[in-house]
Amino acid sequence: MHAFRFDPVRMPASAQALRSEVRAFIAAEVANGAFTPSCNSWSSFDADFSRKCGARGYIGMRWPKQYGGHERSALERHVVTEEMLAGGAPVGAHWIADRQSGQQILRYGSERAKHTILPKIASGECYFSIGMSEPDSGSDLAAVRTRANKTEGGWNISGTKVWTSAAHRTNYLIALVRTAPKEDDRHAGMTQFIVDLSHSGVSVRPIYNLYGGHDFNEVVFDGFFAADDMVMGDVGTGWKLVTSELAFERSGPDRFLSTYQLLVESIRAIGADPDARSANEIGRFVAHLATLRRMSTSVAGMLERGAQPMVEAALVKDMGTAFEREIPETFRHLIATEPALGDGASYAELLGMTMLRAPGFTLRGGTREILRGVIARGLGLR
Amino acid sequence: MSEMCNDLLNTVDRICDEHCSKPVRESAEAGAWPAALWQALEEVGLTRAALPEAAGGSGLAFEDAMLALRRSAYHAAPVPLAETMLAGRLLAAAGMSVPQGALTVAPVRRGDVLRFVQGASGTTLSGSAHRVPWGNLCAHAVVAGELEGKGVLGLVSTARAVRGVEKNLAGEPRALLEFDAAPLLASAALHDAPARLEAEGALYRSEQMAGALERTLEYSLQYANERVQFGRPIAKFQAVQHMLALLAGQVAAASAAADAAAEASGLAPDAFAVAVAKSRAGEAAGKGAEIAHQVHGAMGYTREHNLHYNTRRLWSWRDEFGNETYWQSRLGRIVAAQGADALWPTLSRL
């Protein structure tokens, strides 16, 4: 049989109630004017909203209660994430910490890291960035050159990370760093560190993206001191850790719902009685979306069982991000409008905003070419 | 998947390994009835696997029965298993008894209408049904129509109704049946019988496409690892790897969509889930077959390699019981009519 499987999932009885609860919460927030639903809402930054999510128990849902978590299942967490994204809720501030960094700390962090950081993430007050890419190391992650040298009680880190989303507003990042010189096994000698961005020795410089927004940053370490208890797992095991972190990063509904608001507004603009072509295209997207949802939920079920569905996650992300990018490209033909700059208040602005963000969808979290390589390896071709 | 289902899938594999060889497939395409294959499938209860236990089924969950059907399509078994399962489930839904032997269903071509007429000596059937799958090789057809504005289901003998036999691209027989006041052997009311037949047919074809796609992926992986060019297996070329990754995605999507539809259709077909499945699996069929052939090069273009038994079925099945455009448009109209804000609640119900 194949190297991948998407087993059916039976949702726990609690999932439906939770779904209704989250949906009602989002509707109330929208009604209050707390936010306007937007595309790509997991790249937003709204600390007030994150604190509300924390207070309601929507962050760190799977973690033990002793670390501020709620001991709920992967499937319950999945329900909350997809409801937030479908509702276009501004979950970006806590997204990375909840999706992957907290999970990594729980698994590989020191007791001090778990006790000091996880409860603050869960309450929606502590945010993370991702410290993987470097100027000369993007898809080829094993080429990282940022170095850490052992010193009394910790490590001195020097080097540069780049494309570091929201680092000017987050509290921490987890950096993949070389702790031993490169040898024949290029995956050896790397280590993950938790970096406190409020400490000295680290500076953050903005990189404006193509729509003029400040999301990306360059993060420069100049002898930054990381204490020994900020090391993740064992020194030298960074590659294994970063690989498992990427499994969390790749399979979720954030990989196919980034343009869901544009799909919804396109259906609204087309109206109740679509012409043949519009009906056809809407139906095709709905068929794809329903299928992606099914596959992503299945991956959540596998995570729940403790499996490491690397290939399945890569399949969901590759197909899901292609789907996200196809939505603006198709509906621009069906709804005669010129894409406009702005915050998404009109259809033209929503379309324009989505188009200017879309190139990132098939890059972030592993390019589609890297994903297809992961899939090919799983299929036994490498 | 239950253990019982796992056993059944192993049984399908064993039966097909023994009775679904290349000569059997070829002679079936030439018009012969693969009696040994059919008998073996009947003996293990597979032809009745989709029936509720009360109607003579084996007590298998419906989605497990669909997995067994999918497996038969993986093997490109040239038999009317889907049609027999489908006809039996319609009969059971109408409270009618299910006869022995291979069954087919009619009408299947859009626009074909069979007229049911209530007479003094019982109900009769008139009209033409085109491209009835296996209609020349099944003794009975289950027919759907309307009687006095209500859905009705009938059982009719095909013995004197066959007026011609065409084949689909896979060489499966598609018969023209004509009835002229033919007596029904049995009939009963069934709500929306023609629509139910269509949706159920679309679901079964989705399952079959998922099965055939799985096989095309396996053939493609095997070939790419064996075929050496420029001093290495073509599987080592990134261009080929990326094509195969895309094929895997199509296979996964077709299977997931069919799984969801089968789960939602335990009692009766779920129109939304079936529309998703037939749309998605049909699209995967075309895209998947294209990649599989590209990877196989000229070898896959020959009658000698086995790939075509699956890909010709994919190219046939995607157009039967409604093509992608038909089901996508239906989905699109449902979604548009419900309104944009109803989409997520509809999706999250599945």
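Let us look at the structure shown here.

What counts, and where the lines are drawn
- Residues numbered from 1 in each chain as written.
- Chains lettered and ligands numbered in written order.
- Predicted model: local features only at pLDDT ≥ 70, side-chain atom pairs only at ≥ 80, totals over all residues.
- Heavy atoms only, no water.
- Helix = DSSP H or I, 4+ residues; strand = E, 2+ residues; numbered from the N terminus.
- Buried < 20%, exposed > 50% of the residue type's maximum accessible area, 1.4 Å probe, protein only.
- Contact = heavy atoms within 4.5 Å.
- Areas by Shrake-Rupley, 256 points an atom, 1.4 Å probe, with all protein chains shown as cover.
- Lys, Arg positive; Asp, Glu negative; His and termini not counted.
- Charge placed at Lys NZ, Arg CZ, Asp CG, Glu CD.
- Rg over C-alpha atoms; globule rule 2.2 N^0.38 Å.
- Salt bridge = Lys/Arg side-chain N within 4 Å of Asp/Glu carboxyl O.
- Buried area = accessible area lost by both parts, 1.4 Å probe.
- Polar contact = N/O pair within 3.5 Å; in protein donor to acceptor, adjacent residues only side chain to side chain.
- Nonpolar A, V, L, I, M, F, W, Y, C, P; charged D, E, K, R; others polar.
- Expected span 1.5 Å × (residues − 1).
- Pairing = 2+ DSSP bridges.
- Axes fitted to C-alpha atoms, helices over the stretch in contact; angles between N-to-C directions.
- Parallel < 35°, antiparallel > 145°, perpendicular 65-115°, else oblique.
- Left-handed = near helix turned anticlockwise from the far one by under 90°.
- Phe/Tyr/Trp six-rings, centres within 6.5 Å; stacked < 30°, edge-to-face > 60°.
- Lys NZ or Arg CZ within 6 Å of the ring centre and 35° of its normal.
- Core = buried A, V, L, I, M, F, W, Y, C linked by side-chain atoms within 4.5 Å.
- Disulfide = S-S within 2.5 Å.

**Some details on the overall build of chain A**
Piece 1. A tally of helices and strands in chain A yields 11 helices and eight strands.
Piece 2. Dimensions of chain A, computed from the C-alpha atoms along their principal axes, are close to 70 × 50 × 45 Å.
Piece 3. Counting every position in chain A, which comprises 382 residues, the buried fraction comes to 59%.
Piece 4. Taking the intrachain contacts of chain A between residues at least 6 apart in sequence as the baseline, contacts between residues at least 24 apart amount to 75%.
Piece 5. Carbon and sulfur atoms make up 50% of the accessible area of chain A, which amounts to about 14,600 Å² in all.
Piece 6. Where the 43 positive side-chain charges of chain A centre and where its 43 negative ones centre are 3 Å apart.

**Quick notes on the overall build of chain B**
Piece 1. Scanning chain B for helices and strands turns up 11 helices and 10 strands.
Piece 2. Against the globule reference of 20 Å for 350 residues, chain B gives a C-alpha radius of gyration of 20 Å, in line with a compact fold.
Piece 3. C-alpha atoms of chain B, sized along the principal axes, occupy 80 × 55 × 40 Å.
Piece 4. A total of 350 residues make up chain B; the buried ones form 60% of that total.

**A word on the pattern of salt bridges**
Opposite charge on two side chains makes pairing possible when the charged atoms of those side chains draw close.
Piece 1. Tallied over the entire structure, the rule returns 46 salt bridges over all chains.
Piece 2. A salt bridge links A:Arg5 to A:Asp7; its shortest N-O distance comes to 3.1 Å.

**Description of the environment of B:Glu53**
All names here are of chain B.
Piece 1. Checked against the element boundaries, Glu 53 lands in the loop between α3 (35-43) and α4 (62-74).
Piece 2. Spatially, the C-alpha atoms of Glu 53 and Asp 13 are 24 Å apart, while their sequence positions differ by 40 residues.
Piece 3. Not counting residues up to four positions away in its chain, the partners in contact with Glu 53 are Ser 58 and Gly 59.

**Let's talk about unusual backbone geometry**
Piece 1. With an omega of -5°, the peptide bond between B:Ala106 and B:Pro107 qualifies as cis.
Piece 2. Residue position: B:Pro107 is located in the loop between β1 (103-106) and β2 (115-119).
Piece 3. The phi angle at A:Asn40 is positive, at roughly 55°, despite the residue not being glycine.
Piece 4. Within the fold, A:Asn40 resides in the loop between α1 (13-32) and α2 (47-55).
Piece 5. Positive phi is not limited to glycine here, since B:Phe321 has a value of about 55°.
Piece 6. With respect to the helices and strands, B:Phe321 occurs in the loop between α9 (307-317) and α10 (324-338).

**Observations concerning the interface of chain A and chain B**
Piece 1. At the junction of the two partners, chain A supplies 47 residues and chain B supplies 47 residues.
Piece 2. Here chain A and chain B share an interface that buries about 4,000 Å² over both sides, 63% of which is from carbon and sulfur atoms.
Piece 3. There are three salt bridges connecting chain A and chain B.
Piece 4. In this assembly, chain A and chain B are joined by 13 residue pairs in polar contact (both at pLDDT 80 or more).
Piece 5. Elements represented by at least two residues in the side of chain A that touches chain B include exactly α1, α3 (74-86), α7 (260-270), α8 (276-304), α9 (310-334) and α11 (368-378) of chain A.
Piece 6. With 15 residues, α8(A) is the largest single contributor of residues to the side of chain A that touches chain B.
Piece 7. In terms of residue class, the side of chain A that touches chain B is built from 26 nonpolar, eight polar and 13 charged.

**Things to note about α3(A)**
Residues and elements named next belong to chain A.
Piece 1. Over its 13 residues, α3 runs 18 Å from end to end, which matches the ideal 18 Å to within 8%, given 1.5 Å per residue.
Piece 2. Of all 13 residues in α3, 13 are buried, a share of seventy percent or more.
Piece 3. Looking one or two places after α3, you find Gly 88, whose phi comes out positive at around 65°.

**Re the sheet that holds strand β4 (residues 140-147) of chain B**
Residues and elements named next belong to chain B.
Piece 1. The strand order across the open sheet built from four strands is β1-β4-β5-β8, with neighbouring strands paired in mixed fashion. The two strands at the open ends of the sheet, each matched to only one other strand, are β1 and β8 (186-189). The sheet shows a mean angle of 20° between the axes of neighbouring strands, taken without regard to direction.
Piece 2. Bridge analysis of strand β5 (residues 150-157) against β8 gives four bridges, and the strand direction is antiparallel.

**Digging into the sheet that holds strand β6 (residues 162-167) of chain B**
Residue and element names in this part refer to chain B.
Piece 1. As summarised here, the arrangement of the four strands in space is β2-β3-β7-β6, forming an open sheet in which the pairing is antiparallel. The open sheet has two free edges, formed respectively by β2 and β6, since each of these has just one partner strand. In this sheet, neighbouring strand axes are inclined to one another by 15° on average, regardless of whether the strands run parallel or antiparallel.
Piece 2. Two strands pair when backbone bridges link them, and β6 and strand β7 (residues 173-183) are joined in this way by five bridges, in the antiparallel orientation. Across the sheet, the residue bridging to Val 165 is Ala 175, located in β7.

**Description of the packing of α7(A) against helix α10 (residues 347-361) of chain A**
Residue and element names in this part refer to chain A.
Piece 1. Between α7 and α10, the shortest axis-to-axis distance is 10 Å and the interhelical angle comes to 150°. Here α10 runs roughly antiparallel to α7, going by the angle between their axes. Crossing angle aside, the handedness with which α7 passes α10 is left-handed. Across the interface between the two elements, Gln 261, Leu 262, Glu 265 and Ser 266 of α7 pack against Tyr 347, Leu 350, Leu 351 and Thr 354 of α10.
Piece 2. Classifying every residue of the contact of α7 with α10 by side-chain character gives four nonpolar, three polar and one charged.

**Regarding the packing of aromatic side chains**
Piece 1. For the structure shown, the criterion picks out 17 aromatic pairs over all chains.
Piece 2. Among the aromatic residues, ring-to-ring pairing joins A:Phe25, A:Phe35, A:Phe49 and A:Tyr58 into one connected group.
Piece 3. Directly above the aromatic system of B:Phe62 lies the positively charged group of B:Arg89, at a separation of 3.7 Å from the ring centroid.

**Thoughts on the nonpolar core**
Piece 1. With 181 residues, the main nonpolar core has A:Phe4, A:Met84, A:Phe128, B:Leu153 and B:Tyr204 as its most contacted residues.
Piece 2. No other element matches the 15 residues that helix α6 (residues 193-226) of chain B contributes to this core.
Piece 3. Sequence-distant contacts of B:Tyr204, that is, excluding residues within four places in its chain, are made with B:Ala50, B:Phe62, B:Met66, B:Leu69, B:Ala82, B:Met85, B:Leu86 and B:Arg89.
Piece 4. Grouped together as the second largest cluster of nonpolar side chains are 17 residues, B:Val132, B:Leu147, B:Ala175 and B:Leu184 included.

**Details of the pairing of strand β6 (residues 202-208) of chain A**
Residue and element names in this part refer to chain A.
Piece 1. Relative to strand β7 (residues 214-227), β6 is paired through seven bridges, and the arrangement is antiparallel. Of the residues in β7, the one forming a bridge with Pro 206 is Asn 217.
Piece 2. Counted along the chain from β6 to the antiparallel partner β7, the turn is five residues long, and its residue Gly 212 has a positive phi close to 85°.

**Points about the state of the cysteines**
Piece 1. Under the defined criterion, the tally for this structure stands at zero disulfides over all chains.
Piece 2. Not part of a disulfide, A:Cys53 finds its nearest cysteine sulfur in A:Cys126, a span of 15 Å.
Piece 3. Judged by relative accessible area, A:Cys53 falls into the buried class, the value being 0%.
Piece 4. In this model B:Cys20 remains outside any disulfide bridge; the closest cysteine sulfur is found in B:Cys16, 4.9 Å from its own.

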